[in-house]
Amino acid sequence: MAGRHSDYSLAGKVNTYKVGGEWQVNRSIRFRSEFQRTVRAPNLHALFGGTEQAFPQVIEPCSASANPTGAIAGLCIAQGIPASQVGVYQQNGAAITGLLVPNPNLEPEKSDTVTAGFVYTPRWLEKLVVNVDYYDIKIENAIARLGGGAIGTLQACFASLDINSVFCKAFSRSPGNYEIEDFRIPLANVGALRSSGVDMSADYRWDVDGFGIGGKGSQMGLMLLASRTNRNTFQANPGAPVIERAGTVGGDTVAIPKWRANAQLTWASNGLQLVWDTQYLSSVKDRKYANALAAGKADPRAGIAHPTVPSYLYHNARASYTVGKWTVSGGVRNLFDKGAPLLSSPIEGNTDANTYDVIGRYFYTGIALAL
């Protein structure tokens, strides 16, 4: 059990605390659980940092190709597009320009985290350690990009149909060509974020007699890490719909596969170490496709060239050899040269460089001296 009271010059006074416990059932199994209230005050970069340019790809709702009608057309007119140009004005290009900006008026975000799990170390296999932990994290007043990003802000503006909404005030239009300009997407205290899932790991190491360099023994190790994301929801503001992002990619959101896993096999003997590493990412749906499915559209794939991204496997290998204080190492990443997927709802460009390897197979080497 622990607690803390903090007083920030800009964020004000906040309280944090946690309570937890463990139960050692026997030599092999131990249960653990914890509840934690945490607070994250905005940092200096979030409050006063510089701007970053973004080029989200989206057909904005006032463009002729979006066929604005009714209340949407009315909002386009209120934003400065002449009535005679509604249905005529066409967005120039597939992307709009936006600026990611700080916000000196941010408030602290608060989160409640519940974890529960166990550690298993069987007596019949003493070098095996298994960890399984469930987590449920709720964040209120979360600090994130307004609307989840440029695309979300634009969509929220036209969903609100209110020219004075915080989303519509984020941009203006050129009086000459009616294009969106001065689009500033600040950090904001959005409605809520919630994530839940299960983290699992298993680690086993053993000795192999006589199977090593110079007739000596060797050590082998196998480590498995897996994570299941059950939920990852985002709510732009208290009145906005809750968007489920688990198992999707695009629309300002990096890929959130429901399953991630890593397996690592290690062999070491007399200064030489060889490692084989495999990474698994489960398949994800394009955000546009996921939205169409949620809306019950008759043809959810219409206009979406790449509705899903298949599961991915990356393989890496590395080796190192240590003599005295010197270590020589090298390896190859993305051994089978797996290309990054093409997305219909890219975050930037045509893929998600935060999740998938956009470089391809590459080799590296190095020398280190321990002082």
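It should be emphasised that the depicted structure is a prediction, and the values quoted were computed from it without experimental measurement. Every chain is numbered on its own, with residues counted from 1 as its sequence reads. Reporting in this predicted model follows two pLDDT cut-offs: at least 70 for local features of residues, and 80 or more for side-chain atom pairs to be given and counted; totals over whole chains, interfaces and linings ignore these cut-offs and use all residues. Computation of side-chain values: all heavy atoms of the structure, hydrogens and water removed.

Caption draft 1: Representation of the side chain of Ser-269 within the structure. In this fold, Ser-269 is placed in strand β16 (residues 259–269). Counted as a polar contact is a pair of N or O atoms within 3.5 Å, where, for protein atoms, one must be capable of donating a hydrogen and the other of accepting one, and residues adjacent in sequence contribute only when both atoms are in side chains. Of note is the side chain of Ser-269, whose polar atom sits 3.1 Å from the backbone oxygen of Gly-217. The contact rule is simple, with two residues in contact once any of their heavy atoms fall within 4.5 Å. What Ser-269 contacts, discounting residues up to four positions off in sequence, is Gly-212, Ile-213, Gly-217 and Ser-218. Note on conventions: DSSP H or I runs of at least 4 residues are helices, E runs of at least 2 residues are strands, and numbering of each starts at the N terminus.

Caption draft 2: Broad picture of the sheet that holds strand β15 (residues 248–249). If you walk across this open sheet you meet the three strands as β15-β18-β19, and the pairing is mixed. A strand with exactly one partner marks an edge of an open sheet, and here the two such strands are β15 and β19 (308–309). Strands are labelled as partners when DSSP assigns at least two bridges between them. Across two bridges, strand β18 (residues 284–286) lies against β19 in antiparallel orientation. Bridging across to β19, Val-284 finds its partner in Val-309. To obtain each axis, a line is fitted to C-alpha atoms, and for helices this fit is confined to the stretch in contact; angles are then taken between N-to-C directions over 0 to 180 degrees. Helix α4 (residues 287–295) rests against β15, β18 and β19 of the sheet, and its axis sits at about 85° to β18.

Caption draft 3: A look at helix α3 (residues 150–160). For each residue, the accessible area found with a 1.4 Å probe, counting protein chains only, is set against the maximum for its type, and the residue is called buried under 20%, exposed over 50%, and partly exposed in between. With respect to burial, α3 is a largely interior element, eight of its 11 residues being buried. Contact partners of the buried residues in α3: α2 (70–78), β9 (172–173), β10 (180–181) and β11 (184–189). Looking at the residues trailing α3, positive phi occurs at Leu-161, about 55°.

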